[in-house]
Every structure is written in structure tokens, then in C-alpha cells.
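So the chains spell out like this:
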Amino acid sequence: MTAPARRLTLPVEGMTCASCTGRVERVLAGVPGVSGVAVNLATGQATLDLAPDNDPGAVAEAVLDAGFTVPEATTALSVGGMTCASCVGRVERVLRAVPGVRDASANLATGRVSVRHPAGLVAAADLERAVREAGYVPGPAPAPAAGPPGGGAEAAALRRDLVLSAALALPVVVLDMAGHGLGGHDAWPAAWSAGLQAVLATLVLAGPGRRFFARGVPGLLRGHPDMNALVALGTGAAYGYSLVATLAPDWLPAGSAHVYFEASVVIVTLILLGRFLEARAKGRTGAAIARLVGLSPATALLLRDGAETPVPTGDLRPGDRIRVRPGERLPADGRVVEGASRIDESMLTGEPVPVARRAGDAVTGGTVNGTGSLTVAVERVGSDTVLARIVRLVEAAQGGKLPIQAAVDRVTGWFVPAVIALAAATFLAWLALGPSPALGPALASAIAVLIIACPCAMGLATPTSIMVGTGRAAERGVLFRDGAALQALDGVRVVAFDKTGTLTLGRPALTDLVPAPGQDADAVLADAAALEAHSEHPLGRAIVAAAAARGLVLPPVAAFEAAAGFGIAGRAGGRAVAVGAARHMARLGLDVAPFAAQAARLAEAGRSPLYVARDGALAAMLAVSDPVKPGAAEAVRGLRARGLAVALVTGDDRRTAEGVARALGIARVLAEVLPEGKLAAVRELRAAHGPVAFVGDGINDAPALAEADVGLALGTGTDVAVESADVVLMAGDPGGVATALALSRAVMRNIRQNLFWAFAYNAALIPVAAGLPAALGGPALSPVLAAGAMALSSVFVVGNALRLRRA
């Protein structure tokens, strides 16, 4: 029976008219397997039927060839059963094989997979089916507070199995030791002892140890063995050999009928112990997100008809008014309409000093009110709040992969098959070259190789460090938008700062007003302020504030226009008015030479000269001063002390920029740079010094933030700048750059330590497990010790990552 066609609805971007919809319909109808095409211009969506076994990716390609795009979507899944780096590679491969999927990235520490695909063309059910057929357990992505999938449930299940396994394994170990301690099989009822050990070992492998066989054997049969397969092979070989030695000893060579039941049960117990400790530790790696989510209070005091009504925070809506009492956390983002207090915003910025907030000031959900009572008008709730945005950023960074992980993935892709081959070679080498009877030592050495080489530590080395490091960074007010920024920031050699709002307070004040002959100062200021009231530039706000302080009435504005990097223009009160830098006046054909002497003097003092033109004539020169931020000089000194070059890249007048640079100790200044010129400035700095970090906060910084190897935006800046950056400094303090660098270097150092341990451990102990010391007359490594060492390696890696919580 033929499967029915799938009904798909996908967004199509770029359609502007009926001609566009017709073109999209035609190209979609021409895709093999597509029928029933309907394109809706109003909704920007195409609906079609796709025959089974046809590639949805062909639909997206057809839309692209027609000159339109299907936007990319990301589907997140939780995947249970991933235990090592080989599992990660297997899950990624099967998901990438799903038709329409562009890429898949699995994270062992979080148990999450992010799948990129054209929106509307890949169903979550298809992704879950692929994961299930690969032998893993798919499910919806957990809520941020839940941490790794399974969370406490996984640790509880492991604890239960560990206790049962230990209880059953202890008598086996005692019986085995007692048999050896009483002089061997002649002095001890060996058959009775071996039979009881066989029963107990069967219970261990069929009960607590069943997880290894249920997951490992199918993977082995499919040709994709993982850590579970190694454990299943090792314990299964020890158990099977011992069972033969107990029930049919004549089948084995003379003198080799020994039992290894204690090895099989102790291996299972030790690996379960390692898994349990690892699960508990991994739970702590996600504690930062859990703490962030827990900052939002469960209830809020809603003001309605003059009465306070407790309501769940989730029921709040924009426009509601709430009462926030002293000591309470704010339940949502909003603006103070009544009252004054000091707010502890350390969860947001990492700064411990409370900040004064009064009527008209914005406040953020999750922050703590001080001693005053506030009435707040709610502006953003739920997933729109700053706190929710922080959680999403941290979660995205924790789930990402670093470029260094690509090398690890390449190694672990062939690691488990190589270990199985090495174990087989070890077994054959001992049989051929070992002293007779060689079967027992050959089996023990092969099992030790299988067990000790499990690649758990390799898979955990990078993601656990990322989880803990990005969580710690969030607590310090540094948000990494993705994990790759951590690695990139570690390699930065030069830090370039924008000036206004980044190194300076961004709250400039008008200091000078020099009118041209025949011009009235107040009239010129009123016209300039009228235009600047429509601008987002902080220098413009200083002009507006100065006009308000003089009580000037601002004329109406029409035809307002902003020229990025130059200035603004429009009509104020019927007059053509322009405000901007000297280059803006030059574009208008006006000569600023009459003000040259005053401009030079003001610029030397660190003030920014601006010019006003009215009706095609130069009307006045203004000077605005923007004070340097208190911690800016210290931040620059700190960066230079770390061996980094520091540069100032600004659109301001060169004299003004050099005055600020001298005050801060910055030697390299690139001034009078237009927004597009900042791209060239970043490239110039990269050519001279190496990888560049650019720090900015304005719309005009967005191109440079995107071009830099790492873009750092101040969280107090514009949304465009924040969205263009790789790292967000929530406090708006340039000192956060040093914090971000320090955390980046700490995380990368931690990752290198983990990778060294994981790889060096295997490189050093696999030969020991294979019996090289024993072949040279030294001791042999028993499978039991191999299991303990393997479990210890994973716990060590996770424990080392947890040290970053104190970074």
C-alpha cells in the first residue's frame, strides 16, 4: 500500500506581488513529487503535497532558484541513551541523513540535539523516528530549568541500579576471594561456589547491567558500536567464558577453566558508579540556568481598582500595574510609575551595588527591590523579558559546539571500532605468544582493553566546560551568544573600542554654543533640538536637553532624514535645517573655516564640535562633551597588561578622539570613520595585529561587530548592536571585556586539560591494559581495575569542568 502524500506549509520570503506568487507556484509545481501547490501572498506561505520518499530539500532549492528563500528553522530534541562521543557522532549522522536536514549538532553534556532545516519541510516526528531507529530515545527538548534530559530521574535510576548491582556483586567478590584465600579449588567446594557466582552474575547482567546490552548490542550489529558496546563485549566475554568454565570445563584447554564472574559484576558496578557520579555532576553544570529561571517570582501583586490582588506571574499582561514591596523580586519588565527605591541588578549585570530607580525609569524582572515601594507598569512578560532572553542566550551557548570539537569528533568517529580491533589483536597476540595456558590471560587482557578505552571522557571534555563556563559568565553579566565565541575570544590579539557610549558615558552635555554673525543662539538651538529629538544619537539628546533647560519651544519637524556617520537634516518650523559633523557641512557645500580656531581649541579639550546650518547657511557651532566612564581607563590598562593591543575606532572628530585616547592610554586611534569605514578599520587592525575583538553599542557599530572575529556589545546599547554581537556585556561597563577574556581563557584552558586527560589517559593505559607490562615481566591490569580507571576518567573530566564555577 502506497503511503499518502504529506501536506506541507512553508514560509517563503521575498514575495512582493501576485507575479511573485505565480512564479513560486510554477517552480514548486515543477518539483518531482509535488502537487496541490497554493501560494498565499498575504501570509507569505506556500502549501503543497509532497509524495513519500521525495526530498523536501528539493522544494527549498527550487524556491531559492526562483529568487526567493525558505527561512531556516531549528528543531531541538532531547536524546536519551547517549553515553559517549561515539553516540554523539551516531546521532548526528542519522539526523543529517533525514531528507531536508542541513545540519545536526548533538551535545553529550546536555543530552540535546539541534537540527537545522528549511522551515516547514522537516517534521519533528521524522527526526524522532531517525533517532529511535538508531537505538536512542527521542523526546521534546526539556525546559531550561530542567537541565540535562532525565535530570534527577536519571541519577535516581542509576542510584537504584548501582545499589542493586553492588549488593549482588559483593557476595561474588567474597566467594572469589575466599576461594583463593583458602588454597584454591582443592580446599574449597569450587563447583558450589562457581554455581552461586554464576547465578548472582546472571542477576547483575540481566538487571542493572541490562542497559549496556540493550543499547550496545544493537549498535554493534548495525556496525556503529559505542561505549555500551564495549562494556557489553567486555562483561559478556567474561561472563560467557566463566559460564563455560563452570558448566562445561572440558570444552576449554587444560588448566584454563578459570571463572571471571567477579570481573563482570564489578565492571558493571564500577561503571554504574561512574555514571551515577557523572550524572550528579552534570546536573550541577546546568545549575546556572536553573538559578536564572528561579529568579522570576511565582506570584505578583496586581493593582486593580485600587486593590492588590495576588496573581500568578504568568497571568500578567503588558499594561498591567503591579506593586513591588521592599525586598521582593520584580516579576516582569516594566517602568516605574510611582515610588523610588534602589534595585539590586547583580543578576543582570554582575555588579553588586544597587542602582537608584524612580518614576520613569525602566526596571527588569528578576531583580530585587530595595527599601522602597514601587508601582510598576508592566511592559514585557514571559518569553519577552530580559531574563528570558538571557536564559535563551545561555542555553544556546551551552548547547553549541566549539571548533576544537570538530577534531575530537573526527577522532572518536573511528575510536570505538579501533578499540574493538585492538582488543581482538590483543586476544590473538596473547593466544599466540603468551605462556600456556594462554586463554585466560588473553581474555582478561582483551576485556581490560575494551573497558579502559571507553570514550566517555572524550565526549564530555568540551561540552561540560562550555556549560559551566557560560553559566559562570552569565552570573558575571557576560552573555556568550554561542559557544564558538568562547574559543574565538581566547585567540584575540587586539581590542578595538567605539567611543560614544562604550568608553564614554553616552550622556553628553552641551558645553558651548557659538552662533554665526547675525544668528540668534536660542533660535538656532531650538531648530537643532527639534531635529535631534527625532534622532537616537546620544549627542543629539544633549542638544535636546540643553534646549529644554533653556525653556525653548521646539518648532514642528518635517522631512526628517538621518545620514549615518554624517548627521541629520529636515525642516524645522518651515526652515531647512541640518546638524552634523564638519563632513556633513562639506557635503552640503558649506565651509566651516570661520569656526576652525574655536573647533581646534574645543577638540583639544575633548569636546565634540558640531555644526548647524539653516536655509543653506552656516548658523552656529555647538560643542558637546561626553565624560569618560569611571572604569574605562582601568579596563584599558588591564587589557594592555594582558599583552593585547587596544585601539579606538570612532566617527568623531580626530582631535576629540585623540583627546579621549590620551586620557585612557590608547595609542592607536582611527577617527572620523564612517559606519562602513569601520569594516575597513577592523580589517586593517586584523592585518596588523591578528584576530580582532570590537566593542560597541550603537547602530553604526553593527557592521564592525559583525565583521570582527568577536563582537562584544554593551547590553545598554541598541538592539541592533546586541543582535550583531557574539558577546553581550549586560553591565554596559568596558571592564566587562576583561572579564569575558578571562572567562574565555579559563574555559579554553579547562577544555585543553580535559582533552589532554582524556586522550593521554587512553594513550597511556591501553598498552597497559593490553598486557605490555605483563609481557615484560611486570604486573597485569585486571579488568576490574580497568573499569575503575575508566569510571574515574569521566568523573575527573566533569569534576575539572566544575572548577569553573569559581572562575
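All figures in this text were calculated on a predicted structure; none of them were measured in a lab. (Residues numbered from 1 in each chain as written. Predicted model: local features only at pLDDT ≥ 70, side-chain atom pairs only at ≥ 80, totals over all residues. Heavy atoms only, no water.)

## Some details on the overall build of the protein
Quick reminder of the rule: Secondary structure elements are taken from DSSP: a helix is a run of H or I of four residues or more, a strand is a run of E of two residues or more, and numbering for both begins at the N terminus. Each residue is assigned to one of three classes by its accessible area relative to the maximum for its type, calculated with a 1.4 Å probe on protein chains only: buried under 20%, partly exposed between the two thresholds, exposed over 50%. A contact between two residues is defined here by any heavy atoms of the two lying within 4.5 Å. Here the accessible surface of atoms and residues is derived via Shrake-Rupley with a 1.4 Å probe, and residues count as covered only by protein chains that are part of the display. Counted as positive: Lys and Arg. Counted as negative: Asp and Glu, with His and the chain ends omitted from the count. In this description, the location of a charge corresponds to atom NZ of lysine, CZ of arginine, CG of aspartate or CD of glutamate.
Summing up its helical and strand segments, the protein has 28 helices and 29 strands in all. Projected onto its principal axes, the C-alpha coordinates of the protein cover approximately 120 × 65 × 65 Å. Counting all 807 residues of the protein, 51% fall into the buried class. Of the contacts made within the protein by residues no fewer than 6 positions apart, 69% connect residues no fewer than 24 positions apart. On the protein, roughly 33,200 Å² of surface is accessible, and the fraction owed to carbon and sulfur atoms is 59%. With 70 positive and 66 negative side-chain charges, the protein shows a separation of 4 Å between the mean positions of the two kinds.

## Things to note about the packing of aromatic side chains
Note the threshold: Two aromatic rings from Phe, Tyr or Trp, using only the six-membered ring of Trp, form a pair when their centres are within 6.5 Å; if the ring planes differ by under 30 degrees the pair is stacked, by over 60 it is edge-to-face, and anything between is tilted.
Scanning all chains against the criterion turns up 3 aromatic pairs. Look at tyrosine 239 and phenylalanine 261: their rings are 5.9 Å apart centre to centre, the planes differ by 65°, and that puts the pair in the edge-to-face class. With tyrosine 239 in helix α8 (residues 227-247) and phenylalanine 261 in helix α9 (residues 261-285), this residue pair connects regions lying 22 residues apart in the sequence. Phenylalanine 261 matches tyrosine 239 in its accessibility class, with the two residues each being buried. Considering the side-chain rings of phenylalanine 595 and tyrosine 611, the 6.3 Å spacing of their centres and the 50° angle between planes classify their relative orientation as tilted.

## Some details on the pairing of strand β22 (residues 575-580)
Stated formally: Any two strands with at least two DSSP bridges between them are considered paired.
Where strand β21 (residues 567-572) meets β22, 6 bridges bridge the pair, whose relative direction is antiparallel. Across the sheet, alanine 569 pairs through a bridge with alanine 578, a residue of β22. What sits between the antiparallel neighbours β21 and β22 is a turn of 2 residues, in which glycine 573 has the positive phi angle 60°. Where β22 lies against strand β23 (residues 607-614), 4 bridges are found, and the strand directions are antiparallel.

## Quick word on the environment of leucine 277
Looking at the secondary structure, you find leucine 277 in helix α9. Taking relative accessible area as the criterion, leucine 277 reaches 34% and is therefore assigned partly exposed. In sequence terms leucine 277 and alanine 155 are 122 residues apart; their C-alpha atoms lie 8.3 Å from each other.

## Digging into unusual backbone geometry
Glycine aside, residues mostly have negative phi, and peptide bonds are mostly found in the trans state. Positive phi, close to 55°, is recorded for alanine 559, a residue that is not glycine. Topologically, alanine 559 is positioned in strand β20 (residues 557-563). The backbone of glutamate 672 shows a phi angle near 55°, a positive value even though the residue is not glycine.

## Topic: helix α14 (residues 439-452)
Counted only if it meets this: In this scheme, a helix's expected span is set at 1.5 Å multiplied by one less than its residue total.
Helix length check: α14 (14 residues) gives 20 Å between terminal C-alpha atoms against 20 Å at 1.5 Å per residue, within 8%. Burial runs high along α14: 13 of the 14 residues are buried.

## Quick look at the sheet that holds strand β2 (residues 34-40)
Heads up, the condition is: To get an axis, a line is fitted to the C-alpha atoms, and for a helix only the part in contact is used. The angle between two axes follows their N-to-C directions and goes from 0 to 180 degrees.
Strand order in the open sheet made by the 3 strands is β1-β3-β2, with antiparallel pairing throughout. Only two strands of the sheet have a single partner each, and these edge strands are β1 (6-11) and β2. Neighbouring strand axes in the sheet, compared pairwise and without regard to direction, differ in orientation by 15° on average. Here 5 bridges tie β2 to strand β3 (residues 45-50), and the two strands are oriented antiparallel to one another. Paired with valine 34 across the bridge in β3 is leucine 50.

## Topic: the pattern of salt bridges
This is how it is decided: Think of a salt bridge as a Lys or Arg side-chain nitrogen and an Asp or Glu carboxyl oxygen that are within 4 Å of each other.
Inspection of the entire model under this criterion finds 24 salt bridges. The partner of arginine 380 in a salt bridge is aspartate 333, with the nearest N and O atoms 3.4 Å apart. Of this pair, arginine 380 sits in strand β16 (residues 374-380) while aspartate 333 sits in strand β11 (residues 333-338), placing them 47 residues apart in sequence. Owing to a relative accessible area of 35%, arginine 380 belongs among the partly exposed residues under this scheme. For lysine 678, the salt bridge identified is with aspartate 498, shortest N-O distance 3.3 Å. Of the two residues, lysine 678 is situated in helix α23 (residues 675-689) and aspartate 498 in the loop between β18 (494-497) and β19 (509-515); the sequence distance between them amounts to 180 residues. Neither residue differs from the other here; lysine 678 and aspartate 498 are each classed as buried. Where salt bridges share partners, they join Glu72, Glu92, Arg96, Arg102, Asp103 and Arg116 into one cluster.

## A closer look at the UniProt feature "domain: HMA" (unreviewed entry) in the protein
To keep it simple, the criterion reads: UniProt positions are given in the numbering used here, feature names are shortened, and annotations may be inferred rather than shown by experiment.
Summarizing the sequence annotation, UniProt attributes the feature "domain: HMA" (unreviewed entry) to residues 6-71 and 73-139 in the numbering used throughout. Annotation note: span residues 6-71, helix share 33%, strand share 29%, distance between end C-alpha atoms 20 Å. Along residues 73-139 one finds 33% helix and 34% strand; the C-alpha atoms at either end are 18 Å apart.

## A few points about a positive patch on the surface
Note the cut-off: Residues with no salt bridge and a relative accessible area higher than 30% make up the patches, which join like charges within 9 Å and nonpolar side chains (Val, Leu, Ile, Met, Phe, Trp, Tyr) within 5 Å.
A cluster of basic side chains, namely Arg749, Arg803, Arg805 and Arg806, defines a positive patch on the protein surface. Of note, arginine 806 is situated in the segment after α28 (783-802).

## Concerning the UniProt feature "transmembrane region" (unreviewed entry) in the protein
In the UniProt entry, the feature "transmembrane region" (unreviewed entry) is given for residues 162-182, 188-206, 227-247, 259-277, 411-433, 439-462, 755-774 and 780-802. Summarising residues 227-247: 100% helix, 0% strand, and an end-to-end C-alpha distance of 30 Å. Span residues 780-802 is 87% helix and 0% strand, its end C-alpha atoms 34 Å apart.

## A look at the side chain of threonine 313
Residue position: threonine 313 is located in the loop between β9 (307-312) and β10 (321-324). Setting aside residues no more than four positions away along its own chain, threonine 313 makes contact with Ser296, Pro297, Ala298, Thr299, Ala300 and Pro331.

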